Amino acid sequence: MAFSFEQWTPKVYRRFLQSMKPKRTIAKNALWAFFVGGLFCALGQGIHNFWRWQGLNAFDGAAATAAILVFIGAFLTGIGVYDQLGKHAGAGSLVPITGFANAVVASAMEFKREGYVFGVGAKMFTIAGPVIVYGCLSSVVIGLIYFLRMH
Amino acid sequence: MGKKRGKQTFALAAPPYLAGAYTIAGTKEGEGPLGECFDQLIPDALWGETTWEKTESKLMTTAVRGACQRADWTEGDAELLLAGDLLNQTISANFSARALGIPFFGIFGACSTMAEGLGLGAMLIDGGYVDRLVATASSHHETAERQFRSPNELGVQRPPEAQWTVTGAGAAALASPAVYHHPASLAGRSAVTVTHVTVGKVVDLGVKDAGDMGSAMAPAAAHTILTHLHDTERTVGDYDAIVTGDLGHVGHAACRALMAAEGVVPGERLLDCGVMIFDASRQDTHAGGSGCGCSAVVILSELLRRLRDRCYRRLLFVGTGALFSPMSSQQGESIPAIGHAVVLERGE
């Protein structure tokens, strides 16, 4: 017994499914991302201003701010808040540095039961690893372009 | 006439009885529309264990013991255990079989495992190999999430077509007519038999999105249902319900439309365990439930009750499975899907 849909190509089936798929709430997601992402950035700016006022220069102030934001991201992950936030905020909580902290701490927590070496140690960077690898790679490429322009 | 009907269906000569069933589920499932129907609910995701994997195994073990008890079997009565789950190397089933000490066949059909186990079990009994066996399947939200998607505490946004893996296990005790006696606890209620088994074929229409398994599985479900009706020369009207495993809202609509395109309009009779188990508007489960445990706990609780209480006479249960792994997905493979069907019918 052969049915006509067995012969469909992925493209035909995709078109067939179009009307059944729920619409993505793009506007709502973008608003959430804008406000939560903006909130993190404003918080970061506030912390940065505080350190400048305390007498740190711009470079040290940025480092201290990053450290505090990473701590906040890690802490909120640890108490189980960050995944709830990420569910609504999407890119708004993923893109700031707190999202990076969430990726590392969530993996570390998840794989603790497989031990500290092959669990936490090996799996801690499963999500954040690509960010580090391609972050380094793109900084090298941009450094090279800068170097060539200088000469 | 032999037992084979058409290309994929077997009609059992002496339909085995579903002597006992037991379902156990998690807290979110307990808060769902079918919460009252399950035999047992666990208080939290770990249930006193140190890992979620151990919890899943304990769910299965508890379900198997429960099903044997419900069938009035004593320890050692079950001659065979057919068990499977979603985890790598089906560890929940393996460790559960270790605890139970019943001769064990591990089976894997992804989320179709409960239907696969019921079908294989019914055929083994009808074939005369054993008189009593237990078929079971389990899944656990957290164990599936970490194996198939991402760490549980990662702040990710789930797309609207994503499904929620059910925490739960269901077990069914099957007995040959020769040894079946109606359990005292079922006095006044009907016995239920497994009369037909339709073995699914892998169908793949090229869906690659692992976050949209309902769409991937709908063609396999529709294929098995249509083939079953053709093989048995029956129509939708011969069934009080045709129940798919875990297509969810998106896959359910797709399956309905695929059947309609072949001229079969199931109407209200087409149900889906993934749609029934959660209230999507209230429980934030997006397209519905999924996982081996999803169909296992729904079919063996509320739907079995409808058969025993004579609301239904005959039901077609189609377990649906997405036969992929995160590795095949990352390598760019599409998702092969399968649907196994068994007919559950009220006995005399």
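Keep in mind it's a predicted model, so treat the numbers as computed, not measured. (Residues numbered from 1 in each chain as written. Chains lettered and ligands numbered in written order. Predicted model: local features only at pLDDT ≥ 70, side-chain atom pairs only at ≥ 80, totals over all residues.)

Colleague: Sorry, what's going on with the overall build of chain B here?
Modeller: Helices and strands together make up the secondary structure of chain B, namely eleven helices and 15 strands. Here the analysis covers contacts within chain B between residues at least 6 apart in sequence; of these, 80% occur between residues at least 24 apart. (Helix = DSSP H or I, 4+ residues; strand = E, 2+ residues; numbered from the N terminus. Contact = placed C-beta atoms within 7 Å.)

Colleague: How do you make sense of the overall build of chain A when you look at a structure like this?
Modeller: A tally of helices and strands in chain A yields eight helices and zero strands. In chain A, the succession of helices and strands from N to C terminus is α-α-α-α-α-α-α-α. Principal axes of the C-alpha set define a box for chain A whose edges measure 80 × 50 × 40 Å. Evaluated residue by residue, chain A yields a buried proportion of 24% over its 151 residues. Within chain A, contacts between residues separated by at least 24 positions form 57% of all contacts whose residues are at least 6 apart in sequence. (Buried ≥ 20, exposed ≤ 12 C-beta atoms within 10 Å, placed from the backbone.)

Colleague: What is the right way to read the interface of chain B and chain A from this model?
Modeller: It is common to give the size of an interface as the accessible area that goes away when the parts come together. Facing 29 residues of chain B, the contacting portion of chain A comprises 33 residues. Among the elements of the structure, helix 6 (213–232) and helix 7 (248–261) of chain B are those that each provide at least two residues to the side of chain B that touches chain A. Grouping the constituent residues of the side of chain B that touches chain A by class yields 14 nonpolar, ten polar and five charged. (Nonpolar A, V, L, I, M, F, W, Y, C, P; charged D, E, K, R; others polar.)

Colleague: Sorry, what's going on with the UniProt feature "transmembrane region" (unreviewed entry) in chain A here?
Modeller: Using the residue numbers shown here, the UniProt feature "transmembrane region" (unreviewed entry) corresponds to residues 62–82, 89–107 and 127–148 of chain A. End-to-end, the C-alpha atoms of residues 62–82 of chain A are 23 Å apart, and along that stretch the chain is 86% helix and 0% strand. (UniProt positions renumbered as here; feature names shortened; annotations may be inferred.)

Colleague: Before we go on, may I ask you to explain the environment of Q7 of chain A in this structure?
Modeller: By secondary structure assignment, the location of Q7 of chain A is in the segment before helix 1 (10–17). A sequence separation of 14 residues divides Q7 of chain A from K21 of chain A, and the C-alpha atoms of the two residues are 22 Å apart.

Colleague: Just to check I follow, could you spell out unusual backbone geometry for this structure?
Modeller: Trans is the common state for peptide bonds, and a negative phi is the common state for residues other than glycine. You will see that E233 of chain B, though not glycine, has its phi angle at about 55 degrees, which is positive. Secondary-structure assignment places E233 of chain B in the loop between helix 6 and strand 11 (241–244).

Colleague: Got a minute to help me understand the packing of helix 3 (residues 58–78) of chain A against helix 6 (residues 97–110) of chain A in this structure?
Modeller: Each pair of packed helices can be summarised by the angle the axes make with each other and by the distance between the axes. Residues and elements named next belong to chain A. As a packed pair, helix 3 and helix 6 sit with axes 8 Å apart at the nearest point and diverge in direction by 45 degrees. Here helix 3 is positioned oblique relative to helix 6, judged by the angle of their axes. As for how helix 3 packs across helix 6, the hand of that crossing is right-handed. Two secondary-structure elements touch here, helix 3 through A66, L69, V70, I72, G73, A74, T77 and G78 and helix 6 through I97, T98, G99, A101, N102, V105 and A106. (Axes fitted to C-alpha atoms, helices over the stretch in contact; angles between N-to-C directions. Parallel < 35°, antiparallel > 145°, perpendicular 65-115°, else oblique. Left-handed = near helix turned anticlockwise from the far one by under 90°.)

Colleague: Is there a simple way to think about the nonpolar core in this case?
Modeller: Within soluble globular proteins, side chains that are nonpolar tend to cluster in buried spots. Among the nonpolar cores identified, the biggest contains 117 residues, and A67, L81, V134, A172 and L174 of chain B are the most heavily contacted of them. Two domains share this core, each providing at least three of its residues, namely domain 1 (4–175) and domain 2 (197–346) of chain B. The contacts of A172 of chain B, once residues within four sequence positions are left out, are L18, A21, A67, L118, V134, A135 and L300 of chain B. With eleven residues, the next largest nonpolar core counts A101, V105, M124 and I127 of chain A among its residues. (Core = buried A, V, L, I, M, F, W, Y, C linked by C-beta atoms within 7 Å. Domains from an automatic or database assignment.)

Colleague: Hey, could you run me through the confidence of the model for chain B in this one?
Modeller: In regions of low pLDDT, the predicted coordinates are not meant to be interpreted in detail. Within chain B, residue pLDDT values average 96, and 100% of them lie at 70 or more. Scored as a whole, the predicted complex attains pTM 0.95, and scored at its interfaces, ipTM 0.90. (pLDDT = per-residue confidence, 0-100.)

Colleague: Could you clarify how one ought to interpret the confidence of the model for chain A in this entry?
Modeller: When pLDDT is averaged along chain A, the result is 94, and 99% of the positions lie at 70 or above. Confidence, read as mean pLDDT per element, is least for helix 5 (residues 91–94) of chain A in chain A (90) and greatest for helix 3 of chain A (96).

Colleague: What exactly am I supposed to notice about the domain arrangement of chain B here?
Modeller: All names here are of chain B. In terms of domain boundaries, chain B breaks down into domain 1 (4–175) and domain 2 (197–346). Each of domain 1 and domain 2 has a C-alpha centre, and the two are 17 Å apart. Across the contact, 52 residues belong to domain 1 and 59 residues belong to domain 2. With eight residues, the top contributor of residues to the side of domain 1 that touches domain 2 is helix 4 (residues 113–126). Here the residues of the side of domain 1 that touches domain 2 are counted per class, giving 26 nonpolar, 17 polar and nine charged.

Colleague: Could you clarify how one ought to interpret the packing of helix 2 (residues 52–70) of chain B against helix 3 (residues 91–100) of chain B in this entry?
Modeller: Residue and element names in this part refer to chain B. Two elements in contact, helix 2 and helix 3, have axes separated by 8 Å at closest approach and are oriented at 55 degrees. For the element pair helix 2 / helix 3, the angle class is oblique. Considering the relative orientation of helix 2 and helix 3, their crossing is right-handed. Touching E53, E56, S57, M60, T61 and V64 of helix 2 are I91, S92, A93, F95, S96, A99 and L100, all from helix 3. Per-class residue counts for the contact of helix 2 with helix 3 are seven nonpolar, four polar and two charged.

Colleague: Just checking my understanding: could you explain the environment of C294 of chain B for this structure?
Modeller: Residues and elements named next belong to chain B. As for its position among the elements, C294 is in helix 10 (residues 292–308). It is 13 Å that separates the C-alpha atoms of C294 and G214, two residues lying 80 residues apart in sequence. Setting aside residues no more than four positions away along its own chain, C294 makes contact with C111, S139, V166, G245, D246, C273, G274, I277 and G289.

Colleague: Is there a simple way to explain the pairing of strand 10 (residues 192–198) of chain B in this structure?
Modeller: On a regular strand, one side chain projects to one face of the sheet and the next to the other, so that they alternate. Residue and element names in this part refer to chain B. Burial analysis of strand 10 places six of its seven residues in the buried class, the great majority of the element. Sheet analysis places strand 2 (residues 9–11) next to strand 10, joined by three bridges and oriented antiparallel. Looking at strand 10, one finds that T9 is bridged to T198. Here six bridges tie strand 10 to strand 15 (residues 337–346), and the two strands are oriented antiparallel to one another. Bridging across to strand 15, T193 finds its partner in E345. (Pairing = 2+ DSSP bridges.)

Colleague: Quick question: what am I supposed to make of the pairing of strand 5 (residues 80–85) of chain B here?
Modeller: All names here are of chain B. Judged by how many residues are buried, strand 5 sits mostly within the fold: six of six residues are covered. In this structure, strand 5 lies alongside strand 7 (residues 132–139), joined through six bridges in parallel fashion. In the sheet register, L81 faces strand 7, and the bridge partner there is V134. Between strand 5 and its parallel partner strand 6 (residues 104–106), the chain crosses via helix 3, and the hand of that crossover is right-handed. (Right-handed = clockwise from strand over helix to strand, strands pointing away.)

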